[in-house]
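A look at the structure
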Amino acid sequence: MCGIAGVFNIDGRPVESGMVQAMADALRHRGPDDEGVYCDRHAGLGHRRLSIFDLSSSGHQPMANADRSHVIIHNGEIYNWPEIRNQLNFTDWRSQTDTETILQAFIERGPECLHLFNGMFAFAILNVGTGEVFVARDRIGIKPLIYCQLGQSVYFASEVKAIRAAGIRLEANETAIYDYLRWGALDHDEQTFFAGMRNLAPGTWMRLARGKEPEFGEYWSLPDIVRANRPIETDDAVRQFFDLFRDSIRLQARSDVPVGAFLSGGLDSSSVTAMLMESRQSEVGAFTYDYDTSDAGEGEHARAVADLLNVRHELCKLAWQDVPNRFSNMLYHQEAPVSSIRVLSAHQLFARSREAGYTVILEGHGGDQIGGGFHYYWMAAVMDVAMQAGGAAAYDLATAFMDNNGVPAEQRAEYLVHAMGAIAAQGTATQDGRIFIKPQLLDRDFLDSHRNRTPERLSPFGSHLLNAQYRDLRCLNLPRVLRYADRASMSVGSEARVPLLDHRIVEMCFSTTHVSRVRGTEQRYFMRQAMKSVLADKIRRTPKRSVVDPQRMWLKQELATWVSDILHSKSFAETGYFDADAVREEFQQYRAIDGLPPSGFHIFQYLNVALWHEMFIKGDAMSPRDNAGHAYSRSVS
């Protein structure tokens, strides 16, 4: 896990080494162990290294092959690099690193080498002879790669701040801001919150050549793979998932530094922790975030699981007093708004696990998206049954779900409406279908200028459930979760790994039959069955529970003064995105609600955007300078 940065001049102008050095320096938090810069005519590559495999200088980057015909920079991990070496003709290895493996695989097979890799990655390879640069990102988008084009120059990096260090002035992308404020969408497509800067899409590559515009290609498409596969029935799904998951843990437990896990007490993190303990010879440390308040957090559940697993466990609590002090640092590293105060908790947890000596952390992200586990998916399952077996069968299943969820008879009509809303308004509603977006609080001109924009609703499958899962995997949920994990871990020089997002597991899970994923009212059925030999029934059969945090109450009470100061500030009114008076009135009504407000997401949205705008657009969060001491300042076209 590292930080990479590069510049490519299409018109052949030489790249300034000082600029590339400044870009790499902006990423030092991602790689505290080593640094390097390589410039050759119109191409420049910069790197910051976090040593995970082969801690010696043999892993230094930018890394060249023996005849110096190719040079690579790489961020991430290819977990199966020892196995890949057995498939290559090359044998004169100089290091025990996945980076050298990528380089030699590309030299032998070109872009086809991407199909060999099992891991999370973003890398760039310069062919010194042709002057071309090949850039690629992993299938799921676990590792970031941001790029922009300014005239005849293309810049790319792990984070926006590195591109800013090249002298690119940051300007707000109002389209992304609108999508967030109007639709609740974050990290849902290739755009970023900065004008002209885009994410290289997961499963794609970019080729840069002199005298040509950037060329893009897709090497992995989940819908195409699923359509080509035969449906996997339940018994096979149970067996295949267990075997693939065990192998994924085996691969991702590989490391020359200590490995730990984040434990929430749910099915995914408990499964990861239990399997990790079987794979590692050294002691595994498990860490859980919690809150310094009652009735919130996951500490109680995690502690119970840790006791059952007999794993060393540590609880890390966030207090409300920490929020104002830590918010700016969190936002600086995230570079975009976040959706929950839990992201602050994650930053604190990574810092603590790093202090405890764990450089690599395994997390349970992805299980609900690939297995159909989110509670609100139940209506999508009912809709599929309606298509396949008719209205009577769908009615019976809906009734069974409501019975299972303890919904009183007098509330069932409303419950059904909200459940339909959770699927129809996926991404803009809570899991119980309550819309949390309030466009009437936005500035009228800002709203009108983007009124016709609606984010694309991906529906590549003939199943409501699979489509809901795919939207969360591809654009509505998981991409922002992966950004949170990457930036939080890398802010302290730590590596986050996600075993459930091994591409083999993702492909297999999306190829299972409906009844494998939802049997009766039990969601993620095949995954729960697969864990029989690993987890106690009280862990394995526990229904999905929503993560409880104190955000709504803290915004209403403990953090009210902080919130009010931001909403009444001059800079808030000057963003141009809000009807400031209406927002302030809304906050007063929010505070006046008796008891816990139904949602505080919109209030949290406004705080995020206001503080992000103040830091990156109005303010100067970063002031990179070249070697002569002159600040770069250019806008992206």
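Heads up: the structure comes first, above all this text.
**Brief notes about the overall build of the protein chain**
Within the protein chain one finds 27 helices and 21 strands. Here the protein chain has a C-alpha radius of gyration of 24 Å; the compact-globule value for 637 residues is 26 Å, and the two agree. Across its three principal directions, the C-alpha atoms of the protein chain cover 75 × 60 × 45 Å. Counting all 637 residues of the protein chain, 62% fall into the buried class. Summed over its atoms, the accessible surface of the protein chain is roughly 24,100 Å², and 47% of this surface lies on carbon and sulfur atoms.

**With respect to the nonpolar core**
Ranked by internal contacts, the top residues of the largest apolar core, which has 86 residues, are Phe117, Phe123, Phe241, Ile370, Leu501 and Phe510. Those residues within four positions of Phe241 in sequence are excluded, and the remaining contacts are Leu500, Ile505, Met508, Cys509, Phe526, Met527, Ala530 and Met531. Counting residues in hydrophobic clusters, the runner-up holds 80 residues, among them Phe327, Phe572, Ala580 and Phe587.

**Re the sheet that holds strand E4 (residues 63-64)**
Pairing is antiparallel across the open sheet formed by 6 strands, whose spatial order is E4-E5-E6-E7-E12-E13. Unpaired on one side and paired on the other, E4 and strand E13 (215-218) mark the two borders of the sheet. Bridge count between strand E7 (residues 133-137) and strand E12 (residues 204-208): 4 bridges; the pairing is antiparallel. Counterpart to Phe134 in the pairing with E12 is Arg207. Each of E4, strand E5 (70-78), strand E6 (119-127) and E7 touches helix H3 (residues 98-109); the most contacted strand, E5, lies at about 125° to it.

**Describing the pattern of salt bridges**
Within this structure, the stated rule accounts for 40 salt bridges. Arg48 serves as the salt-bridge partner of Glu35, at 3.4 Å between the closest nitrogen and oxygen. Within this pair, whereas Glu35 is found in strand E2 (residues 34-40), its partner Arg48 is found in strand E3 (residues 43-49), the two being separated by 13 residues in sequence. Relative accessible area serves as the criterion here: at 9%, Arg48 is assigned to the buried category. Between Glu522 and Arg541 there is a salt bridge, with its nearest N and O atoms 3.1 Å apart.

**Details of the sheet that holds E3**
The strands that make up a sheet pair up through hydrogen bonds in the backbone, lying either parallel or antiparallel. Pairing is antiparallel in the open sheet, where 6 strands are placed in the order E2-E3-E1-E9-E8-E11. The open sheet terminates on both sides in strands that have one partner only, identified here as E2 and strand E11 (198-199). Note: E2 against E3, 7 bridges, orientation antiparallel. Counted as the bridge partner of Val37 is Gly46 from E3.

**Thoughts on the pairing of E3**
In terms of burial, E3 is a largely internal element, 7 of the 7 residues being buried. Residues Ala43, Leu45, His47 and Arg49 line one face of E3 and the alternating positions Gly44, Gly46 and Arg48 line the opposite face, and both faces are buried. Two elements, strand E1 (residues 2-9) and E3, share 7 bridges in a ladder whose sense is antiparallel. Bridge assignment links Cys2 to a residue of E3, and that residue is Arg49.

**So, the pairing of E5**
Burial runs high along E5: 9 of the 9 residues are buried. Of the pairings in the sheet, the one linking E4 to E5 comprises 2 bridges and is antiparallel in character. By the bridge assignment, Ala64 is partnered in E5 with Val71. Connecting the antiparallel pair E4 and E5 is a turn made up of 5 residues, with Arg68 showing a positive phi of about 60°.

**Considering the packing of aromatic side chains**
Per the stated rule, a full pass over the model turns up 36 aromatic pairs. Here the aromatic rings of Phe262 and Phe350 are separated by 4.6 Å at their centres, their planes lie at 55°, and the arrangement is tilted. Of this pair, Phe262 sits in strand E14 (residues 259-262) while Phe350 sits in helix H11 (residues 342-355); the two residues are 88 residues apart in sequence, bridging distant segments of the chain. The class for Phe262 is buried, based on a relative accessible area of 9%. Assessed through its relative accessible area of 1%, Phe350 is described here as buried. An aromatic cluster is built from Phe106, Phe117, Phe121, Phe123, Phe134 and Trp205, whose rings are joined through pairwise contacts. Lys161 extends its terminal NZ or CZ atom over the ring of Tyr332, reaching a point 4.6 Å from the ring centre.

**A word on the state of the cysteines**
Taken as a whole, this structure holds 0 disulfides when the rule is applied. In this structure Cys39 is not part of a disulfide, and its nearest cysteine sulfur, from Cys148, lies 17 Å away. Residue Cys39 is classed as partly exposed on the basis of its relative accessible area of 31%.

**Overview of helix H10 (residues 322-334)**
Taking 1.5 Å per residue, 13 residues should reach 18 Å; H10 reaches 17 Å between its end C-alpha atoms and fits that length. Taken as a whole, H10 carries its principal kink of about 30° at Ser328. Immediately beyond the C-terminal end of H10, within one or two residues, lies Glu335, with a positive phi of roughly 65°.

**Structural notes on the environment of Lys212**
Mapped onto the elements of the fold, Lys212 is located in the loop between E12 and E13. On the basis of relative accessible area, Lys212 is assigned to the exposed category, the value being 54%.

Cut-off values and rules
Residues numbered from 1 in each chain as written. Predicted model: local features only at pLDDT ≥ 70, side-chain atom pairs only at ≥ 80, totals over all residues. Heavy atoms only, no water. Helix = DSSP H or I, 4+ residues; strand = E, 2+ residues; numbered from the N terminus. Rg over C-alpha atoms; globule rule 2.2 N^0.38 Å. Buried < 20%, exposed > 50% of the residue type's maximum accessible area, 1.4 Å probe, protein only. Areas by Shrake-Rupley, 256 points an atom, 1.4 Å probe, with all protein chains shown as cover. Core = buried A, V, L, I, M, F, W, Y, C linked by side-chain atoms within 4.5 Å. Contact = heavy atoms within 4.5 Å. Pairing = 2+ DSSP bridges. Axes fitted to C-alpha atoms, helices over the stretch in contact; angles between N-to-C directions. Salt bridge = Lys/Arg side-chain N within 4 Å of Asp/Glu carboxyl O. Phe/Tyr/Trp six-rings, centres within 6.5 Å; stacked < 30°, edge-to-face > 60°. Lys NZ or Arg CZ within 6 Å of the ring centre and 35° of its normal. Disulfide = S-S within 2.5 Å. Expected span 1.5 Å × (residues − 1). Bend = angle between axes of the 7 residues up to and from the residue.

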